[in-house]
Amino acid sequence: MTAGFEEARRVADALLFEGYVLYPYRASARKNQLRWQFGVLVPPSWAEAHGEHAEQRTECLLEPRGADRLDVELRFLQVHRRTVERRVPDGAGWTEVARLDLADRVLVPWDEGKEERVELRVPLGQLTGEGRTLRFGCPCGVTREPVHVHGCTGRTVGRLVRRSRALAGEIRLATEPLPGPYGALRLTATVRNVSEWTPEGQGSGDREAALPHSLIGAHLLLGLPGGRFLSMTDPPEWARPAARICRNEHTWPVLAGGAGHDDVLLSSPIILEDHPEVAAESPGPLYDATEIDEILSLRTAALTEQEKREARGTDPRAAGVIDLVDSMPAEVMERLHGAIRGLREVTGERPAPAPPGPVAPAPGTPDPGTPPDTETPPPGTPVPRTSAPETPRPGTPAVPPTGLELPIGPGLPWWDPAQDTYDLPGQDTVTVAGRLVGTGSRVVLRPGLRRSDAQDIFLAGRGATVEAVLQDLDGETHIAVTVDGDPGADLRRQQGRFLYFRPDEIDPDPTCDEAAPEGGD
């Protein structure tokens, strides 16, 4: 397979096991009662009756260039339902129990996930027209693991029984050429659960019954050795119309394999940006990315010994988290506190040029304007403040006013509202499409595809009321709004917690807004 797959798998592993087991990592915790939320492809019979989906569809654009094949890797988890059995006192049999207490852990019933992969290499020439369809399956099975009184030693006191159900699925791949001279193709990759399992009896509405027949955390890795995939969020100008009409359902394709590489694509059930990567500060998987690593590690370290025993017995991955946090050095924990990674590189901004003025002399060099008989004090010597400003010498640029003067001394505030002459924030207006927009204006939300996340895109076309027009310290304008029909709008106003859009992400309502005056801004 493509070498870039190894780098992409680091991110894909985080997707595959996201939400696998949540803090506090115990099976008894309420957070761990409803599991498997991302990339779940259920049997078709269950999907039709319960509003879940049996397939995911990926559409992306590629330039074959020198590529003659497509590498495909489908990854998912198969549920292995685990029960706990205790050995009867006479040693002649086993009885199923709700828990088995050991010195280092507490074993309880649990659904474990076993990673499965379906790999194939397909010549690009075979994907034209109807394309190619591959059927795959995973067999059912039962395994039994003995449980000893002390880890792997001592007498056998119980056993873990794991049962898996048969899975059946298919991958369909097809390409079609794009119009124009670029030689690009549109690739459609569909993954579908084709299990014939049907719910029956009183458990027909039980999602737990459908999960063993489902593909969990399903996602695709696609490789194009010698060619390149096009970004779906920032394609070349000539490819934008084709990218706009690509249809992706229950998954989203992003460039992967490391920055600067475009021959690997990850189709993820969680929306990501191009070239996602695992933070270098992260010491290991915590399976709960809705939390901050530092807080999660501190909370895990604070679990009681009994809670840690339960976590260790819940799942081997949960036991790994407990051991990771317990053995984490202080310097590793300190790295989790946060990092800033070149914000100006991300925004494309350049540092503001230094204001014009006299160049400061090098340390230890006398100021040319200093009289010859005046001794230059050594660095670090306090210089007394004069009672009146010095008269500037002829030809010296005027020094701009220093602005707000703050009181100095212990116990005095660093900011004095009485001296601040700025207007209250949020009272500004901004001109959008030739109309003034300010507090109370009616607008229609038009979130842009480049900067917006999924939550913004869901609001496209919705009406809203402007609550404030704000500027940040970089001079960027942000429009705070409440959305029509939001039952929590009054609460948002009380707390000042609004949704924010840029001026190019709204359209003013022409029936309500005032036209901008001639020459106005």
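Above this text sits the structure in question.
Residues numbered from 1 in each chain as written. Predicted model: local features only at pLDDT ≥ 70, side-chain atom pairs only at ≥ 80, totals over all residues. Heavy atoms only, no water.

Student: Describe in detail the overall build of the protein, supporting the description with residues and values.
Tutor: A count of helices and strands for the protein gives eleven helices and 23 strands. Counting all 521 residues of the protein, 40% fall into the buried class. Relative to all contacts within the protein whose residues are 6 or more apart in sequence, the contacts with residues 24 or more apart total 69%. Element-wise, carbon and sulfur atoms account for 53% of the exposed surface of the protein, whose accessible area totals about 30,500 Å². (Helix = DSSP H or I, 4+ residues; strand = E, 2+ residues; numbered from the N terminus. Buried < 20%, exposed > 50% of the residue type's maximum accessible area, 1.4 Å probe, protein only. Contact = heavy atoms within 4.5 Å. Areas by Shrake-Rupley, 256 points an atom, 1.4 Å probe, with all protein chains shown as cover.)

Student: Quick one: what's the story with the sheet that holds strand 13 (residues 228-229), residue by residue and with numbers?
Tutor: Ordered in space as 7-10-11-1-13, the five strands form an open sheet in which the pairing is antiparallel. One side of each edge strand has no neighbouring strand; the edge strands of this open sheet are strand 7 (132-138) and strand 13. Across eight bridges, the pairing between strand 1 (residues 55-63) and strand 11 (residues 185-193) is antiparallel. By the bridge assignment, Thr-58 is partnered in strand 11 with Ala-189. (Pairing = 2+ DSSP bridges.)

Student: Explain unusual backbone geometry residue by residue, including any values.
Tutor: The phi torsion of most residues other than glycine is negative, and most of the peptide bonds are trans. Here the residue pair Tyr-23 and Pro-24 is connected by a cis peptide bond, since its omega of 10° sits within 30 degrees of zero. Along the polypeptide, Pro-24 turns up in the loop between helix 1 (4-16) and helix 2 (44-50). If you check the backbone angles, Tyr-25 has positive phi at about 65° while not being a glycine. Locating Tyr-25 in the fold gives a position in the loop between helix 1 and helix 2.

Student: Lay out empty space enclosed by the protein in plain terms, naming residues and giving numbers.
Tutor: Going through the model one piece at a time under the given rule, you end up with two cavities of 30 Å³ or more. Secondary-structure elements contributing two or more residues to the lining of the largest cavity are helix 1 and strand 12 (216-223). Looking at the lining of the largest cavity residue by residue, the class counts come to eight nonpolar, three polar and one charged. Lining the second largest cavity are Glu-7, Ala-8, Val-11, Ala-256, Gly-257, Gly-258, Leu-266 and Pro-276. With three residues, helix 1 is the single largest residue contributor to the lining of the second largest cavity. (1 Å grid on protein atoms, 1.4 Å probe; cavity = no way out; pocket = protein on both sides within 12 Å on 5 of 7 lines; lining within 4 Å. Points joined across faces, edges and corners; volume = space filled by probe spheres on them. Nonpolar A, V, L, I, M, F, W, Y, C, P; charged D, E, K, R; others polar.)

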